[in-house]
Amino acid sequence: MKPTTIIDCDPGHDDVMAILLGGRTTDLRGITTVHGNASLAQTTRNARQVVEFAGLTHVPIAEGMPQPLVRVAQHAPYVHGESGLDGPTLAPPTVPLHPSHAVDFLLEQSTSLSELVLLPIGPLTNIAIALKRDPGFASRVKQISLMGGSLTFGNVTPAAEFNLWCDPEAAHVVFTSGIPIKMIGLNVTHQVLATEPYRKRVRAIGSTTATHVADMLDFYSARETAYTGLAGGSMHDPLAVAALIDPTILTFEPMHVAVEIHGRDTAGMTLCDGRHLGPDFRALKPRTRGEAPNAEVAVAVDAGRFWELFLDVLATYP
Ligand code: BDR
Ligand code: CA
């Protein structure tokens, strides 16, 4: 049976890949939008355009928070362009928005759906507010599989990954919520790249959806290569979906993850306690002061396996 999901996102090129993957491989009950890669108005517009060209207009879209809990909203036009989704030429959206605010939508859906899994792939503001608004929300969410953080270095700063850096306080609320969390961070997503051979395979599918995706990946890869030096755009967000549906793609280890909210240079950093991983270390210096694991942290990825899944799913779209 397909997992029942809601994608909380800030599209964003790689967010689109996640929506397409989740739209087929999960029982996708909604898309909630948040500030992030671009302004909220723009990320919501982008989400509406995606469901239209992909034939996913049965999936409701609820608009969420325009800014973080405490900090000033930050966007990433240097990666995703001014629209947040530069590259393809897309028709103006006509599909209506769901009437509820994203936070209300999340709370409503959590009461009516059993075994709800959240797929947050942008700043965690909507999820944090839902948790604060209704203390029962956490117990009604089966699992979170999120793209964010890093076991190694960041992208926006040496320490922090973009989604968590945008709203560290919200991320802290989510990581201390008690909901079982899978954390898919830069340490694995930077290993799954839209290199030219894969971009050619996407374009070769030939459908409208695949052509839009190929145009997106060309733009996004050029920017990511210029910004990071990597050989193509990182498939960050769809890996949070892949983690849920194919256990062979990512390998996880349980760790305690603390989100840094005070540091001048480290805000948004995920401090992952992996001290239990090495048997030698454990023998020499047991974890005496650590806290119990609150997340499964992705430590390894099979990039080829991800791409075969993604290309197979993409070929099913019109
Ligand atoms: C994350 O930040 C955004 O730019 C991407 O969509 C992804 O969710 C990667 O750091
Ligand atoms: Ca995103």
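Above this note sits the structure.
Throughout this document, residue positions are counted from 1 along each chain, in the order its sequence is written. Lettering of chains starts at A and numbering of ligands starts at 1, both following the order in which they are written. Only residues with pLDDT of at least 70 get local features here, since the model is predicted, and only at 80 or more are side-chain atom pairs given and counted; chain-wide, interface and lining totals rely on the full set of residues. Hydrogens and water are ignored here; the side-chain numbers use all heavy atoms of the structure.

## Quick notes on the overall build of the chain
How we decide: Secondary structure follows DSSP: runs of H or I at least 4 residues long count as helices, runs of E at least 2 residues long count as strands, and numbering of each begins at the N terminus. Restricting the calculation to C-alpha atoms gives the radius of gyration, and the globule rule supplies 2.2 Å times the number of residues raised to the power 0.38. Using a 1.4 Å probe on the protein chains alone, a residue whose accessible area is under 20% of its type maximum counts as buried, one over 50% counts as exposed, and one in between counts as partly exposed. Every residue pair with non-hydrogen atoms within 4.5 Å of one another is taken to be in contact.
Scanning the chain from terminus to terminus reveals 14 helices and 11 strands. Its C-alpha atoms give the chain a radius of gyration of 18 Å, within 12% of the compact-globule value 20 Å for 318 residues. Sorting the 318 residues of the chain into buried and exposed places 58% on the buried side. A separation of at least 24 residues holds for 79% of the contacts in the chain among residues at least 6 apart in sequence.

## With respect to helix H8 (residues 168–175)
Across the 8 residues of H8, 7 count as buried, placing the element largely inside the fold. What H8 keeps buried is the set Pro168, Glu169, Ala170, Ala171, Val173, Val174 and Phe175.

## Quick word on the coordination of the calcium ion (ligand 2)
For the record, the criterion: Excluding water, the donors of a metal are its N, O and S neighbours within 2.8 Å, or within 3.2 Å for Na, K and Ca, and that exclusion means sites may look incomplete.
Those protein atoms acting as donors to the calcium ion (ligand 2) are Asp10 (OD), Asp15 (OD), Asp15 (OD), Ile121 (O) and Asp237 (OD), and they sit at 2.3 to 2.6 Å. For the calcium ion (ligand 2), all donor residues lie on one chain, and their spacing in sequence is D-x4-D-x105-I-x115-D. Taken individually, Asp10 and Asp15 each receive the classification buried, so the pair is uniform in this respect.

## Quick look at the sheet that holds strand E3 (residues 61–63)
How we decide: Any two strands with at least two DSSP-identified bridges between them are counted as paired. Here the axes come from fitting lines to C-alpha atoms, over the contacting stretch only for helices, and the angles between their N-to-C directions go from 0 to 180 degrees.
Strand order in this open sheet of 9 strands is E3-E2-E1-E4-E5-E6-E11-E9-E10, and the pairing throughout is mixed. The open sheet has two free edges, formed respectively by E3 and strand E10 (270–273), since each of these has just one partner strand. In this sheet, adjacent strand axes meet at a mean angle of 30 degrees when their direction is disregarded. Bridge count between strand E1 (residues 4–9) and strand E4 (residues 116–120): 5 bridges; the pairing is parallel. Each residue of the ladder has a partner; that of Thr4, found in E4, is Leu116. Along the sheet, helix H12 (residues 236–245) makes contact with E1, E4, strand E5 (141–147), strand E6 (181–184), strand E9 (250–259) and strand E11 (295–301), crossing E5 at roughly 145 degrees.

## Things to note about the pattern of salt bridges
Here is the rule we go by: In the sections that follow, a salt bridge refers to a side-chain nitrogen of Lys or Arg positioned within 4 Å of a carboxyl oxygen of Asp or Glu.
In this structure the tally under the stated criterion is 12 salt bridges. In this structure, the salt-bridge partner of Arg305 is Asp246, at a minimum N-O distance of 2.5 Å. With Arg305 in helix H14 (residues 303–314) and Asp246 in the loop between H12 and E9, the pair connects residues that are 59 residues apart, well separated along the chain. In this structure Arg305 comes out as partly exposed when scored by relative accessible area, which is 32%.

## Considerations on the site of ligand 1
What counts is decided by this rule: Throughout, near means a residue has at least one heavy atom within 4 Å of the molecule or strand. In protein, a polar contact means a hydrogen-donor-capable atom and an acceptor-capable atom, both N or O and within 3.5 Å, with residues adjacent in sequence counting only if both atoms are side-chain atoms; elsewhere, any N or O pair within 3.5 Å suffices. Surface accessibility follows the Shrake-Rupley procedure with a 1.4 Å probe radius. Residue values consider only the protein chains on display as shielding. Here the term charged refers only to Asp, Glu, Lys and Arg, the term nonpolar to Ala, Val, Leu, Ile, Met, Phe, Trp, Tyr, Cys and Pro, and the term polar to all other amino acids, Gly among them.
Neighbouring ligand 1 are Asp14, Asp15, Asn37, His80, Ile121, Met147, Asn155, Glu161, Phe162, Asn163, His236 and Asp237. Within the contact set of ligand 1, an oxygen atom lies 3.0 Å away from a backbone nitrogen or oxygen of Ile121. Asn155 places a polar side-chain atom, nitrogen or oxygen, 2.9 Å from an oxygen atom of ligand 1. Burial of ligand 1 by the protein amounts to 96% of the accessible area it has alone, namely 280 Å². Elements with a minimum of two residues in the shell around ligand 1: helix H1 (13–25), helix H7 (162–166) and H12. Classifying every residue of the shell around ligand 1 gives 3 nonpolar, 5 polar and 4 charged.

## Examining the packing of aromatic side chains
The relation between two aromatic rings is expressed through the spacing of the ring centres and the mutual angle of the planes. Here is the rule: What counts as a ring pair is set by centres within 6.5 Å for rings of Phe, Tyr and Trp (its six-membered ring), and what kind of pair is set by the plane angle: stacked under 30 degrees, edge-to-face over 60, tilted for all other angles.
Counted under the stated rule, the structure contains 6 aromatic pairs. The interplanar angle of 40 degrees and the centroid separation of 6.2 Å between the aromatic rings of Phe162 and Trp165 together place this pair among those described as tilted. Of this pair, Phe162 and Trp165 both sit in helix H7, 3 residues apart, which is roughly one turn of that helix. Residue Phe162 is classed as buried on the basis of its relative accessible area, which comes to 7%.

## Things to note about the nonpolar core
The criterion, for reference: Put simply, a nonpolar core is a bunch of buried Ala, Val, Leu, Ile, Met, Phe, Trp, Tyr and Cys residues held in one set by side-chain atoms that sit within 4.5 Å of each other.
Ile31, Ile184, Leu217, Met235, Leu250, Phe306 and Trp307 are the most contacted members of the largest nonpolar core, which totals 59 residues. Broken down by element, this core gets its largest block of residues, 7 residues, from H14. Here Trp307 is in contact with Val192, Leu193, Ala194, Tyr198, Val202, Leu217 and Met235, once residues within four sequence places are set aside. Val103, Leu107, Phe137 and Leu164 belong to the second largest nonpolar core, which has 35 residues in total.

## Focus: the packing of helix H10 (residues 196–205) against H14
Short version of the rule: Here the word oblique covers every angle except those under 35 degrees (roughly parallel), over 145 (roughly antiparallel) and from 65 to 115 (roughly perpendicular). By the definition used in this description, the sense in which the near helix is turned from the far one sets the handedness, with an anticlockwise turn below a right angle giving left-handed and a clockwise turn giving right-handed.
Interhelical geometry of H10 versus H14 gives an angle of 15 degrees and a closest axis separation of 10 Å. Taken together, the axes of H10 and H14 lie roughly parallel to each other. Viewed along their axes, H10 and H14 form a crossing whose handedness is right-handed. Residues Tyr198, Arg201, Val202 and Ile205 of H10 form the contact with H14, whose participating residues are Gly304, Trp307, Glu308, Leu311 and Leu314. Looking at the contact of H10 with H14 residue by residue, the class counts come to 6 nonpolar, 1 polar and 2 charged.

## Overview of the pairing of E6
The two faces of the sheet receive side chains in turn, since in a regular strand these alternate between them. Burial of the side chains of E6 extends over both faces: Ile181 and Met183 are buried on one face and Lys182 and Ile184 on the other. Pairing of E5 with E6, which is carried by 4 bridges, proceeds in the parallel orientation. When the bridges of E6 are listed, Met147 appears paired with Ile184. Across 2 bridges, E6 lies against E11 in parallel orientation. In the strand pairing of E11, Met183 is matched with Val297.

That's the geometry; what it means functionally is another story.
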